Amino acid sequence: MKREFLKGLNLEDKVIDQIMSVNGSDIENVKKSFGDVESIKTENESLKTQMAERDKDIKSLKKQAGDNEDLSNKYSELQGKYKTDTDKLNAQLSDTKLNGALDNALNTAKVRNIKAIKGLLNMDNIKLDEKGELVGVNDQLDSLKKSDGYLFDEGQHQDYKPGGGGGPADKSDVQTLNSVFKGEK
């Protein structure tokens, strides 16, 4: 957002400074989220490279084994180990994706302390669907906003109290005269 745009709306400099400050913090939060996305991409590429190398090793070993029973056993052992490792790495990748998406959703919800909120969430109900979108987090965040609203940055709320709006309790001259004419005093 540009300062000139806000000046064109005839806003006061104090208001413009407040808007620019909030906008700047929002931009920083988004930048932090994108940093997590980059680490997920890097980790994903690393895992793909490791899996390709393992597949090459297995094929090479299978060619060398031929009819040799010891090598065939070694091949089966390695294949089982690689499958276990691959499943573990895929689970870690899924967890990383889930945590990245959750952090992004919490930043979007303007959570003050992400670690504190994660401790209050039921992670068993939060999943990623086929499209990579979080399921089960919005309902929990809504209930937390109602029960523990202080954990969220909702901005500043100011009460509007105009002068002279106190009714009969108002001690102004106009209210006194009004009460006299009504016969209340």
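Details of the structure are given in the entry above.
Residues numbered from 1 in each chain as written. Predicted model: local features only at pLDDT ≥ 70, side-chain atom pairs only at ≥ 80, totals over all residues. Heavy atoms only, no water.

Draft legend 1. Quick look at the overall build of the protein chain. When its secondary structure is counted, the protein chain shows six helices and two strands. Moving toward the C terminus, one meets the helices and strands of the protein chain in the order α-α-α-α-β-β-α-α. Residues classed as buried in the protein chain amount to 20% of the 185 residues present. Once local pairs closer than 6 in sequence are excluded, the contacts in the protein chain between residues at least 24 apart make up 47%. (Helix = DSSP H or I, 4+ residues; strand = E, 2+ residues; numbered from the N terminus. Buried < 20%, exposed > 50% of the residue type's maximum accessible area, 1.4 Å probe, protein only. Contact = heavy atoms within 4.5 Å.)

Draft legend 2. Structural context of the nonpolar core. Leu106, Ile117, Leu121, Leu141 and Phe152 are the most contacted members of the largest nonpolar core, which has 13 residues in total. Only α3 (69-108) and α5 (138-147) provide two or more residues apiece to this core. With three residues, α3 is the largest single contributor of residues to this core. Dropping the residues within four chain positions of it, Ile117 is found in contact with Leu106, Val111, Leu141, Leu144, Leu151 and Phe152. (Core = buried A, V, L, I, M, F, W, Y, C linked by side-chain atoms within 4.5 Å.)

Draft legend 3. Layout of the packing of aromatic side chains. Going through the model one piece at a time under the given rule, you end up with zero aromatic pairs. Directly above the aromatic system of Phe152 lies the positively charged group of Lys145, at a separation of 5.6 Å from the ring centroid. (Phe/Tyr/Trp six-rings, centres within 6.5 Å; stacked < 30°, edge-to-face > 60°. Lys NZ or Arg CZ within 6 Å of the ring centre and 35° of its normal.)

Draft legend 4. Quick peek at a nonpolar patch on the surface. Together, Phe5, Leu9, Leu11 and Val15 line one region of the surface with nonpolar side chains, adding up to about 340 Å² of accessible area. Looking at the secondary structure, you find Val15 in helix α2 (residues 13-65). (Patch = residues over 30% accessible without salt bridge, like charges linked within 9 Å, V, L, I, M, F, W, Y side chains within 5 Å. Areas by Shrake-Rupley, 256 points an atom, 1.4 Å probe, with all protein chains shown as cover. Salt bridge = Lys/Arg side-chain N within 4 Å of Asp/Glu carboxyl O.)

Draft legend 5. Region of interest: the environment of Gly149. Considering the arrangement of structural elements, one finds Gly149 in the loop between α5 and α6 (173-182). Overall, Gly149 belongs to the partly exposed group, its relative accessible area being 31%. Placed 38 residues apart in sequence, Gly149 and Val111 show a C-alpha to C-alpha distance of 9.6 Å.

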